[in-house]
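Secondary and tertiary structure notes
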Amino acid sequence: MTTAALVPAAGKGERLGAGTPKALREVGGIPLLVHAVRGLAASRVIDLIVVAAPVDFVDDVRALLGELDVTCDIEVLAGGESRQESVARALIALPAGVDIVLVHDAARALTPPELIASVVAAVTAGHAAVVPGLAVADTLKQVDAAANVIATPDRASLRAVQTPQGFVRSVLQAAHAGVDPSAPIATDDAGLVEREGVTVHVIPGHEEAFKVTRPIDLILAEAVLAKRRASGNVS
Ligand code: CTP
Ligand code: MG
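Residues numbered from 1 in each chain as written. Chains lettered and ligands numbered in written order. Predicted model: local features only at pLDDT ≥ 70, side-chain atom pairs only at ≥ 80, totals over all residues. Heavy atoms only, no water.

Topic: the site of ligand 1
The immediate surroundings of ligand 1 are formed by 18 residues, with Pro8, Gly13, Glu14, Ser86 and Lys211 found nearest. Within the backbone of proline 8, an N or O atom sits 2.8 Å from an oxygen atom of ligand 1. In the shell around ligand 1, the residues fall into 5 nonpolar, 5 polar and 8 charged. (Near = heavy atom within 4 Å. Polar contact = N/O pair within 3.5 Å; in protein donor to acceptor, adjacent residues only side chain to side chain. Nonpolar A, V, L, I, M, F, W, Y, C, P; charged D, E, K, R; others polar.)

Shown next as structure tokens:
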């Protein structure tokens, strides 16, 4: 089995605040994208990584990742206007011979390698589409345009899903082929696969696979990294 990871890293990071694109913002002195790529390599289940970089930073990202001492091949290309388009561009660049594809947000920089290996193992075990997910801590409300509550879904049946999401290559390709990349309709890849009627299987996620989205997430990421460094589990 040959396994590739597509890493959408082309976002601006608007919720984090203006400045450098989010994937190049640093935690513990290392860009988020470098943390994410190191984590994928450390899982030892990935043969090839394709990074969709911010369009004006493709050369910088290529140079940055070229310096890394990792065993998997790394390819860098320009991402798109939306996450969905960035993933579609990376998917097109995949060579023949890849049978399992993971999609992993650069922004989930500190995802433990064990979680990455668990996703691949679940696909290998026969699930065509696999996502890590956690029980939600908050009660969620569905609201209308006037901010009035319409419904309170049963929290016990809800999961907050993370990445990496893992797929049999043909399943992910069929899902992306069915939609216009410039008109995004899903915020994750499993969402596209669900539209095709394919069952998506949820495995236990990990708290440290959180997405760096808002400024407070950088504080959390620094703390997680400090804890790892103190315990000698450096990445
Ligand atoms: N992403 C991408 N191409 C885009 C938009 C997002 O590759 N056009 C990537 C981001 O780089 C990130 C992942 O998709 O790794 C998840 O997206 P998100 O957390 O929303 O990141 P941003 O879009 O950068 O953040 P924001 O929405 O706050 O601007
Ligand atoms: Mg975004």
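Now that the structure has been shown, we can carry on.
Remarks on the pairing of strand β4 (residues 48-53)
Across the 6 residues of β4, 6 count as buried, placing the element largely inside the fold. Residue alternation in β4 divides its side chains into two sets, Leu48, Val50 and Ala52 and Ile49, Val51 and Ala53, and both sets are buried. Summarising the sheet, strand β1 (residues 3-8) and β4 pair through 5 bridges and their orientation is parallel. Counterpart to alanine 4 in the pairing with β4 is leucine 48. Bridging between β4 and strand β5 (residues 73-78) involves 6 bridges; their strand directions are parallel. Across the sheet, residue isoleucine 49 finds its bridge partner in β5, namely isoleucine 74. Taken together, β4, helix α2 (residues 58-66) and β5 form a β-α-β motif whose crossover is right-handed. (Buried < 20%, exposed > 50% of the residue type's maximum accessible area, 1.4 Å probe, protein only. Helix = DSSP H or I, 4+ residues; strand = E, 2+ residues; numbered from the N terminus. Pairing = 2+ DSSP bridges. Right-handed = clockwise from strand over helix to strand, strands pointing away.)

What to know about unusual backbone geometry
Omega for the bond connecting threonine 163 with proline 164 falls within 30 degrees of zero, at 10 degrees, which places this linkage in the cis form. Note that proline 164 resides in the loop between β10 (159-161) and β11 (165-168). Here arginine 44, not a glycine, exhibits a phi torsion of approximately 65 degrees, which is positive. When you line up the elements, arginine 44 lands in the loop between α1 (32-42) and β4. Residue arginine 44 is classed as exposed on the basis of its relative accessible area of 74%. Despite not being glycine, alanine 147 shows a phi value in the positive range, around 65 degrees. Examined against the element boundaries, alanine 147 turns out to sit in the loop between β8 (142-143) and β9 (149-151). Judged by its relative accessible area of 58%, alanine 147 is exposed.

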